[in-house]
Amino acid sequence: MKMGMRGAAASVLILAMGATGTVMSQQPAAGAAAKETSTLTSQREKVGYAIGLDVANSFAPIADEIDLAALRRAVTNAFEGKQPLISQEEAQKTDQSLRTAMAVKSGQPVPGMAPGTPAPKVDREKVGLMLGSYAVGPSLAQLKDDVDLDAMFDAIQTAFAKGTPKMTADQAKATMEAFMASKQADMQAKAAAQAGTNRAEGNAFLAENKKKPNVVTTASGLQYQVLRPGASDGPRPMPTSKVKVHYEGKLLDGTVFDSSYQRGQPIDFGLDQVVKGWSEGVALMPVGAKYRFWIPGELAYGEQGTPGGPIGPNATLTFDVELLDVLP
């Protein structure tokens, strides 16, 4: 999904919430949208219900424009990792139609529409599919195993119908705070375990790799091999120089995570703006040279890795780097 589409969906909510302070008359939600949960016993039900109340609060100003059954279908579809049930083109049209309708209903002038013109009808099913496919679904997909959808949509439907929720606002807040604290602790524990595994694997690899012919290990632990020497009297960058390079980065298992070659365009950057292993390694190269670097985790992305991937904590990385020029 392109960022622009999620931004468009978010702008609908901002516009709607600013356009009116009251919720418009409610239409009955489709029966397939929610299955009422008589009690909230499990953690998944409580988390789902709390999230549902938050979603309902965010969507309250456009509640009567949303088909809840369509919203649920789209969220379920996103949880299953499938393609959106509505195309980006159709979602963008729906987004614009909804924004226009909300502006008219709130009395705002709309270019090309005479004052007093009735608000255009909005396809409620498409609104539900749009919000589920490009806002709610993707935002919650990583939590799909922690969220009970029956409870979540029970909360949304109850809130839209102005019913009495099974949780107070304070209870929902406390539920989410406890849930997020637990998830954070789990993530930290998993990251620490992964960091230890990656460090051990990296150290073992580097210990064997340095035994290979023509592999040089520097005092910092950086390893490199000259693939093409370049001109011995050619210019070499300083650690603060700006350079033009072609490169490809891989994990130890061979997965390519970044490549200027694949993009078909070299990149310019300052050596003081990159990880330590790059700054040290590229400064060793004359223009025209191509080196292979093996960068230990502490000289790469360290304990943090790249949040969300693809580089894990303490991961040892391989880079093939071709120095094309030292820039003024």
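Keep in mind the model is a prediction, meaning the values are calculated, not measured.

### A word on helix 2 (residues 43-59)
Right, so step 1: Compared with an ideal rise of 1.5 Å per residue, which puts 17 residues at 24 Å, helix 2 spans 24 Å between its outermost C-alpha atoms and is within 8% of the ideal.
Right, so step 2: Considered for burial, the residues of helix 2 that qualify are Glu 45, Val 47, Gly 48, Tyr 49, Ala 50, Ile 51, Gly 52, Leu 53, Val 55, Ala 56 and Phe 59.

### Brief notes about the pairing of strand 7 (residues 317-327)
Right, so step 1: Of all eleven residues in strand 7, eight are buried; the element is thus mostly enclosed.
Right, so step 2: With ten bridges joining them, strand 3 (residues 242-251) and strand 7 adopt antiparallel strand pairing. In the strand pairing of strand 7, Gly 249 is matched with Phe 319.

### Notes on the nonpolar core
Right, so step 1: Among the nonpolar cores identified, the biggest contains 35 residues, and Ile 66 and Met 152 are the most heavily contacted of them.
Right, so step 2: Ranked by residue count, the leading element in this core is helix 5 (residues 124-140), at seven residues.
Right, so step 3: Setting aside anything within four residues of it in sequence, one finds Ile 66 in contact with Phe 59, Leu 71, Arg 124, Val 127, Gly 128, Leu 131 and Phe 160.
Right, so step 4: One finds Phe 269, Val 275, Leu 299 and Leu 317 within the second-largest nonpolar core, a separate group that totals 25 residues.

### Quick look at the pattern of salt bridges
Right, so step 1: Scanning the model with the defined rule gives 16 salt bridges in all.
Right, so step 2: We note a salt bridge from Glu 65 to Lys 105, for which the minimum N-O separation is 2.5 Å. In this pair, Glu 65 is assigned in the loop between helix 2 and helix 3 (68-79) and Lys 105 in helix 4 (residues 88-105), connecting sequence segments 40 residues apart.
Right, so step 3: Taking the relative accessible area as the measure of exposure, Glu 65 reaches 5% and is therefore buried.
Right, so step 4: Note on Lys 105: relative accessible area 41%, which makes it partly exposed.
Right, so step 5: Residues Glu 125 and Arg 73 are paired through a salt bridge, measuring 2.8 Å at the closest nitrogen-oxygen approach. Placement of the pair is Glu 125 in helix 5 and Arg 73 in helix 3, with a sequence separation of 52 residues.
Right, so step 6: Exposure remark for Arg 73: the relative accessible area of 41% places this residue in the partly exposed category.

### Quick look at helix 3
Given 3.6 residues to a turn, an α-helix orients residues that are three or four positions apart in the same direction.
Right, so step 1: With twelve residues, helix 3 extends 16 Å from end C-alpha to end C-alpha; this agrees with the ideal 16 Å at 1.5 Å per step.
Right, so step 2: Within helix 3, ten of the twelve residues are buried, which leaves it mostly tucked inside the rest of the structure.
Right, so step 3: Taken together, the buried positions of helix 3 are Leu 68, Ala 69, Ala 70, Leu 71, Arg 72, Ala 74, Val 75, Asn 77, Ala 78 and Phe 79.
Right, so step 4: Gly 81 sits one or two positions beyond helix 3 and adopts a positive phi of about 75°.

### Notes on the packing of aromatic side chains
Any two aromatic rings considered together are summarised by their centre-to-centre distance and by the angle between their planes.
Right, so step 1: One pass over the full model with this rule turns up seven aromatic pairs.
Right, so step 2: Pairing Tyr 247 with Trp 278 gives two aromatic rings, centres 5.4 Å apart and planes at 90°, and the pair type is edge-to-face. With Tyr 247 in strand 3 and Trp 278 in helix 9 (residues 276-282), the pair connects residues that are 31 residues apart, well separated along the chain.
Right, so step 3: Both rings, one in Phe 257 and one in Phe 319, keep their centres 5.6 Å apart while their planes meet at 90°; by these two values the pair is edge-to-face. With Phe 257 in strand 4 (residues 256-259) and Phe 319 in strand 7, this pair connects stretches of sequence that are 62 residues apart.

### As for the pairing of strand 4
Right, so step 1: As paired elements, strand 3 and strand 4 share three bridges and run antiparallel to each other. What sits directly across from Gly 249, in strand 4, is Asp 258.
Right, so step 2: Between the antiparallel neighbours strand 3 and strand 4 lie four residues, among them Gly 254 with a positive phi of about 95°.

### Some details on the side chain of Asn 198
Right, so step 1: Tracing the sequence through the fold places Asn 198 in helix 7 (residues 169-209).
Right, so step 2: At 2.8 Å, the side chain of Asn 198 forms a polar contact with the side chain of Gln 194.
Right, so step 3: With residues near it in sequence (within four places) discarded, Asn 198 still touches Gly 312, Pro 313, Asn 314 and Ala 315.

Conventions we followed
Per chain, residue numbering runs from 1 following the sequence as it is written. Only residues with pLDDT of at least 70 get local features here, since the model is predicted, and only at 80 or more are side-chain atom pairs given and counted; chain-wide, interface and lining totals rely on the full set of residues. For side-chain calculations, the full set of non-hydrogen atoms in the structure is used, while hydrogens and water are omitted. A run of DSSP states H or I qualifies as a helix once it reaches four residues; a run of E qualifies as a strand once it reaches two. Both are numbered from the N-terminal end. What a helix is expected to span follows from its residue count: subtract one and scale by 1.5 Å. Think of it in three bands: residues with accessible area under 20% of the maximum for their type are buried, residues over 50% are exposed, and the middle band is partly exposed, with areas taken using a 1.4 Å probe on protein chains only. We treat two strands as partners when DSSP finds at least two bridges between them. Definition of nonpolar core: a set of buried residues of the types Ala, Val, Leu, Ile, Met, Phe, Trp, Tyr and Cys, connected through side-chain atoms within 4.5 Å. Note on definitions: a residue-residue contact is assigned when non-hydrogen atoms from the two residues lie within 4.5 Å. Should a side-chain nitrogen of Lys or Arg be within 4 Å of a carboxyl oxygen of Asp or Glu, the pair is scored as a salt bridge. Only Phe, Tyr and Trp rings are paired, with Trp represented by its six-membered ring, and only when their centres lie within 6.5 Å; those with planes under 30 degrees apart are stacked, over 60 edge-to-face, the remainder tilted. By the criterion applied in these results, polar contacts are pairs of N or O atoms within 3.5 Å in which, for protein atoms, one can donate a hydrogen and the other can accept it, and in which residues neighboring in sequence qualify only through two side-chain atoms.

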